Amino acid sequence: MSNTPSATIPRLLDEYERAIAHTATLWADLTPEEVAWRPHAESSAIGWHLGHQAAVAHFMIRNLTAAEPSLDPALDALMDGATPETDRGELPTPERLGAYRDGVADRVRFRIGNIANGDVGAPAQLDAIARTLLVAVVNHEYQHAQWIGEVRHRDLGRPPIAHPTSLLLTEIDGYCVLAG
């Protein structure tokens, strides 16, 4: 018996691409003011959630698969879930957020690609880690995408955007979840 997801790395990478593409649709039509909007100081803006998704993905990749430096230490600190919500108000521009998200996605693809190709010291062990890690990263992406979608619709009056579909995705408590 194994707790490791049965889906292959290439299939899970496809799910990662689907998840980040879904998030991209959720903020593509928003103004910079909408990305930075917060209903009150004890909440997080859509922009914070966008940065947090990427910060967590890169933290997991760089700490569980290969020691590599942060892409942006200042953003990593701001986007950390341990940062109090009252300290999450000064967000970078949407352009910087987008570049950060793109940079993290490139690192995920690179590191997971190395593992999939066996270009690592312990390929079988890292394969198991990579598959489990990808499930966590994808589910975390969808967790915050759900919140972004709710805020853009309920608070900003934007049309709702349906969850993506695939054979590996299901819905639990209203959240899109990768079963793995």
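Residues numbered from 1 in each chain as written. Predicted model: local features only at pLDDT ≥ 70, side-chain atom pairs only at ≥ 80, totals over all residues. Heavy atoms only, no water.

(A) Focus on the nonpolar core. Judged by nonpolar contacts, the single largest core of 47 residues is most densely connected at Tyr 16, Met 79, Val 108, Ile 112 and Leu 134. Going through the elements one at a time, helix H1 (9–27), helix H3 (46–64), helix H4 (73–78), helix H5 (94–116), helix H6 (123–154) and strand E2 (175–178) are the ones with two or more residues in this core. A per-element tally of this core places H6 first, with 11 residues. (Core = buried A, V, L, I, M, F, W, Y, C linked by side-chain atoms within 4.5 Å. Buried < 20%, exposed > 50% of the residue type's maximum accessible area, 1.4 Å probe, protein only. Helix = DSSP H or I, 4+ residues; strand = E, 2+ residues; numbered from the N terminus.)

(B) Examining the side chain of His 140 more closely. With respect to the element layout, His 140 can be found in helix H6. Looking at His 140, the relative accessible area reads 14%, which means it is buried. With near-sequence residues (within four places) excluded, His 140 lies in contact with His 52, Gln 53 and Val 56. (Contact = heavy atoms within 4.5 Å.)

(C) Highlighting the packing of H5 against H6. Their axes nearest at 10 Å, the elements H5 and H6 cross at an angle of 155 degrees. By the angle between their axes, H5 is roughly antiparallel relative to H6. For H5 against H6, the interelement crossing comes out left-handed. Residues Arg 101, Val 108, Ile 112 and Ile 115 of H5 lie in contact with H6, whose contacting residues are Leu 126, Asp 127, Ala 130, Leu 133, Leu 134 and Glu 141. (Axes fitted to C-alpha atoms, helices over the stretch in contact; angles between N-to-C directions. Parallel < 35°, antiparallel > 145°, perpendicular 65-115°, else oblique. Left-handed = near helix turned anticlockwise from the far one by under 90°.)

(D) Structural detail: H5. Taking 1.5 Å as the rise per residue, H5 with 23 residues should run 33 Å; its terminal C-alpha atoms sit 32 Å apart, in good agreement. Gly 118 occupies a position one or two residues after H5 and carries a positive phi of about 75 degrees. (Expected span 1.5 Å × (residues − 1).)

(E) Examining the pattern of salt bridges more closely. Enumeration over the complete set of coordinates arrives at 14 salt bridges. The closest approach of N and O atoms between Arg 18 and Glu 15, which form a salt bridge, is 3.1 Å. Placement of the pair is Arg 18 and Glu 15 together in helix H1, with a separation of three residues, close to one helical turn. You can call Glu 15 buried: its relative accessible area is 3%. Across the pair Arg 154 and Asp 155 runs a salt bridge whose closest N-O atoms are separated by 3.0 Å. Taking relative accessible area as the criterion, Asp 155 reaches 34% and is therefore assigned partly exposed. (Salt bridge = Lys/Arg side-chain N within 4 Å of Asp/Glu carboxyl O.)

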